[in-house]
Amino acid sequence: MRALFTTLTFLFLFMFSGTISANDLVITGNWKISIEPNSPKAVIRAANDLHNFLLMKHGLELEIVESASGPGIFLSVNGKMGNDGFSLKVAASGQKLIVEAPNPRALYHGVLVLEDHLAENPVVSESFKENVNYPFKDRFLVWDVNLTGQNKMANGFNLENHVREAVRLGYSGIECNRFVGMELLQQHSPEDSYPWYTYWGPSMDQFVSSPLFEGVYPKEYLDRNLADLKHVVQVVESFGLKPIFMGYEPRYVPEKFFEKHPELRGPRVDHPLRSIEKRYSLCTDREEVLEHYRTLARRLTEEVPGIVEMHIIFHDSGAGLCWFDALYSGKNGPQYCKNIPMDERMRKFFGAIQQGFKDNGRNIPIVAQPHGSSLPNIDAFLSGTPKEISMTSGNWASWTLSSNDPLGIDLHILDRSKKDGRRTLYYQQHFTGFDVAPTTEYPLPYYLAARLKRAQKLNIDVLTTLGGIVSPPVKKQSGMQEIYRQFLLAPDIPESELVSKVALKLGGEKGGSLL
């Protein structure tokens, strides 16, 4: 057996003799993939991914073992590394290729980058070394049309492939909550298309209930959505990503509820130019409504403890607070709460959700995402809420509705947030539009490169992609997504060089110039 292996090894070296040198490290069949004992699921996934890659690409079947000695590829989580990122290197003693990262998700990303290096030949030089430090502490993916939006029924869509692609691209967190199926209980009138504008970011009351809301939505409907949420969170966790709940709150509720509780009616929140029926959210200035949201937050985290981040869009698509100045029907709400200061209203509402998490022993970060607002209301939020609750910047399209200087508003939010000690977040539509039709992405590589560079200069903590990504088998590869990926791997590369590098990678020597 040993003689056969030796023969095959020499045959292998002969086949690649034109592409390797004496100083190259050649991966052979006697190597192993080594992981640490009791490794997290993401590390085990990464090891299996690498095993399958080497088998399919090069016919090498490397055994996955714990704490191996001898030649091998060693996957190691080292929490002392500090900055999020990973390193690839050959050990000083040789015959060992090490992938190291401070967390399982970054380690998996490093393994996928290593696969890029081994795509042509299972060979690296003895001096091989690559260190990656991400330019942002977190990279989030929300409003994902193929995972949680209207396109989630895309032909061939595969959840695990999609989440793996998010890891490959360098994301650290992803939105998980979505409706099951394409039927909307909130539609009421079949001829009214407006509820489809509210298909994004289903609110907490679409998964769990409270004493105030018992019977408003059928139990089987809530159980179905909740079971799906638990499944998506479980898959996302298994890849090492942070599961995010992104909901529109307070969103409109069925009219039949207000027939029983007319005193709880809040503002009109639909878009008059798009809707047939008037729709109203709850008045969050009422104590029983605040208790409702406290209960929803507590029950949600009891049922789905894997959720580690909550993003709340508090205006747009059927959501809004009383007397908020960006409501599509104009400032409106009950007369009794008209004179309540907006900073107090926001403090109590976001505080109720925060308290619901704390009631379950959780301290989950909350991020507010407004869609169109005045500077006074933005300042009301920043003045009224504790620093643990952040506000994202970067919503240019919607800021423009209320300001002729959207970048000025972004900079104002970031400046105030830094002074207050809050996280700084910025989100952009990187690849797709609202409904990714008629194409799966905007073919604007130089524009994307420039926007990524601009975000880097803002010195932010979190860069969020709005709109989602495409993944195999729906689409095998994306030029725009590859620009994003290569930027994270080498953030100091100039914009034009970044685009050229991706074009060459995807198109080769001949096609690269055309791309």
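What you are looking at is a predicted structure, and each value in this text was computed from that prediction instead of being measured.

To continue, consider the side chain of Gln486. Note on placement: Gln486 falls in helix 13 (residues 479-489). The class for Gln486 is buried, based on a relative accessible area of 8%. For Gln486, the residues in contact, after removing those within four places along its chain, are Leu498, Lys501, Val502 and Lys505.

Formed by 125 residues in total, the largest nonpolar core has its most connected members in Ile73, Leu229 and Phe350. Examining the composition of this core, we find that 8 residues originate from one element, helix 5 (residues 219-238), more than from any other.

With mixed pairing, the 6 strands of this open sheet are ordered in space as 3-2-4-6-5-8. Of all the strands in the sheet, the pair left with one neighbour each is strand 3 (63-66) and strand 8 (129-133). Strand-to-strand twist in this sheet, taken as the mean axis angle between neighbours without regard to direction, amounts to 15 degrees. Relative to strand 4 (residues 72-77), strand 2 (residues 32-35) runs parallel, the two sharing 3 bridges. Across the sheet, Lys32 pairs through a bridge with Gly72, a residue of strand 4.

Overall, the prediction assigns the chain a mean pLDDT of 89, with 90% of residues at 70 or greater. Between residues 1-18, whose pLDDT stays under 50, and residues either more than four places distant or in other chains, the model counts 10 contacts.

Once that is clear, we can look at the packing of helix 4 (residues 159-169) against helix 13. Two elements in contact, helix 4 and helix 13, have axes whose closest approach is 9 Å; the angle formed by their N-to-C orientations is 45 degrees. Comparing their axes, helix 13 and helix 4 come out oblique. Between helix 4 and helix 13, the residues in contact are Glu165, Arg168 and Leu169 and Gln481, Glu482, Tyr484, Arg485 and Leu488, respectively. Here the contact of helix 4 with helix 13 is built from residues that sort into 3 nonpolar, 1 polar and 4 charged.

Scoring rules and cut-offs
Residues numbered from 1 in each chain as written. Predicted model: local features only at pLDDT ≥ 70, side-chain atom pairs only at ≥ 80, totals over all residues. Heavy atoms only, no water. Helix = DSSP H or I, 4+ residues; strand = E, 2+ residues; numbered from the N terminus. Buried < 20%, exposed > 50% of the residue type's maximum accessible area, 1.4 Å probe, protein only. Contact = heavy atoms within 4.5 Å. Core = buried A, V, L, I, M, F, W, Y, C linked by side-chain atoms within 4.5 Å. Pairing = 2+ DSSP bridges. Axes fitted to C-alpha atoms, helices over the stretch in contact; angles between N-to-C directions. pLDDT = per-residue confidence, 0-100. Parallel < 35°, antiparallel > 145°, perpendicular 65-115°, else oblique. Nonpolar A, V, L, I, M, F, W, Y, C, P; charged D, E, K, R; others polar.

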